[in-house]
Structures are given as structure tokens and as C-alpha cells.
Amino acid sequence: MSATAVETGERRRFRPSLGATLVTLAGLAVTIGLGTWQLERLQWKQDLIARIDRQMAEPAVPLPTRIDDPTAWEFRPVTLAGRFLNDKEMLLIARPHQGQVGYEVLTPFQRADGAGIVLVNRGFVPMDRRDPATRTAARVEGEVSVKGIVRVPQPAGFFQPGNGTPVPGSAWMRADPSAMAAALSLGEVAPVVVEMLPGQGAGLPGAPAGTLAGIAPRVELPNNHLQYALTWYGLAVTLAGIYVLSQRKRADTGTDGRPDDRISGA
């Protein structure tokens, strides 16, 4: 080996500084810890989705007269018997449906078993059907049986607008049974919403095409934890690479710094 090569090899010795090492170790602890936490969240989310799938596949049972633990009933198929209070229906801002913007109709449902009122989401109506007078054929009178999926209303997110104080006839941003009951003087209502399942036309006739046809079961649980974990682990690898290269460059340029700023033996 030539003297030049030996000299070059000596100039490229790995001589990390104490400060850079401490900063890198702290960064690695954070990124690796967050990546591992995301893997734990991934397992939790997969178990949750599997549990929801099992619950939604269970046979429908009558909604209990008293719901002490609403979360235990979420995503459960249930049946209701009673009548719709059509004059007290409410509109909920909905996502576009088949290219149309509009609302979901929440109608109070007076239970025949004397257990009070539960809000039933009957499905989508486009904006030009907002006025109940434009869909009188969809009014369901008398006692009927309804099958649906139980959903627990979620509180408003940090960046999600709240309901404020809606006036009669205005649309709500999200379902809120207690606030809705107060606005319409309904008294006590169940702390859940039942999303009516599609395919009940025989018992609920008259809905115009594309409206009030119920809601297909929907589970809106994003599961991006694996991507997040890989991102954090990738950042850890990148940080380690930058650390190694930067400290080799330090030695190569001959700027070793003060002896007490280097790790002993480096």
C-alpha cells in the first residue's frame, strides 16, 4: 500500500465528537421508539378491525331498552319496532354520494317497547331533496320494523367545526343525540344512532330513487400504522448514516476539535 493511501486512510478515521454522539443517540431513541409504538398500534388496530368484523357478522338482536355502555354495542346489528317521528327529522352534512352533494336524514324513532326514542339514520338525500315536501312519498307512517347498525357518535375533532346552536331546519355537522333531543324537545334519547341497513324497501316503501335507501355498513378506521413505523425506522437509519458520514468527514478535514470534545479512544 502506498504512503498516500495510508495517509488517506488515517485522515478518514471515525472520530465522533461527544456532542454529536449524544444528539444522535437521543434522536435514535425517539425515532426507534416511535416506530416501535406504531407497530404496537398496528397490532391493536388489526385486532379492533377483526373484532368489528365479527360483531357486524352477528345476527341482529333487539336494541336493549337501556344502554349503559354504548361502545359495547357499536357496530352491532340490531332491530327496532315502532314509528318514525317524521315531523322532527334532522339533516346531517354528508359526504358526496354518487357524485351528488347532500345530507343524511336522521329521524327520531319512537320505540314500541316503551324504551323511548332512538335516532335512525335513514340514508342520503341530495340537496334538491332537502325539503321534506319534495319527498312526501318517502314518509313512513305507522308501526314498522327497522334493522340497522349501531354507531356511537364521536366528539368533534380539533380541526372539525362543531354544531354550534342549530336552528330548526338547519343542518348539523355531526350526530349528537343529546343536543339534537334538546333542540327538538324530544326528552331523553338513546346515546347511539342506528344506521338503517339497505334492502328494507318492502317494509319502508315509497322512497324516491337514490334517496333514503339506508346506509351500507361502513367502518372508517384508517390503518396506516405500518407506513408510519417504516417512516420512523427509515428516519433512524438516515440519522445514523448522517452521523457516521459527518464524523468521518470531520476527521478527513483534519478538524478534530478539542481532545475533550471527542469520545475517549476515538
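Quick caveat, the model's predicted, so the values are computed rather than measured.

**Concerning unusual backbone geometry**
Alright, step 1. Located in the positive-phi region is phenylalanine 75, a residue other than glycine, with phi close to 70°.
Alright, step 2. Positive phi, close to 55°, is recorded for serine 185, a residue that is not glycine.
Alright, step 3. For serine 185, the position within the fold is in the loop between helix H4 (177-183) and strand S8 (189-196).
Alright, step 4. Judged by relative accessible area, which is 66%, serine 185 ranks as exposed.

**Quick notes on the nonpolar core**
Alright, step 1. Among the nonpolar cores identified, the biggest contains 18 residues, and Leu63, Phe109, Val118 and Val120 are the most heavily contacted of them.
Alright, step 2. Residue assignment for this core shows that the elements contributing at least two residues are strand S2 (77-84), strand S5 (117-126), strand S6 (144-151) and S8.
Alright, step 3. The leading source of residues in this core is S8, at 4 residues.
Alright, step 4. Sequence-distant contacts of leucine 63, that is, excluding residues within four places in its chain, are made with Val78, Thr79, Leu80, Arg111, Val118, Val150 and Val194.
Alright, step 5. By size, the runner-up hydrophobic cluster in this structure holds 14 residues, among which are Leu92, Ile117, Ala181 and Leu184.

What counts and how
- Residues numbered from 1 in each chain as written.
- Predicted model: local features only at pLDDT ≥ 70, side-chain atom pairs only at ≥ 80, totals over all residues.
- Heavy atoms only, no water.
- Helix = DSSP H or I, 4+ residues; strand = E, 2+ residues; numbered from the N terminus.
- Buried < 20%, exposed > 50% of the residue type's maximum accessible area, 1.4 Å probe, protein only.
- Core = buried A, V, L, I, M, F, W, Y, C linked by side-chain atoms within 4.5 Å.
- Contact = heavy atoms within 4.5 Å.

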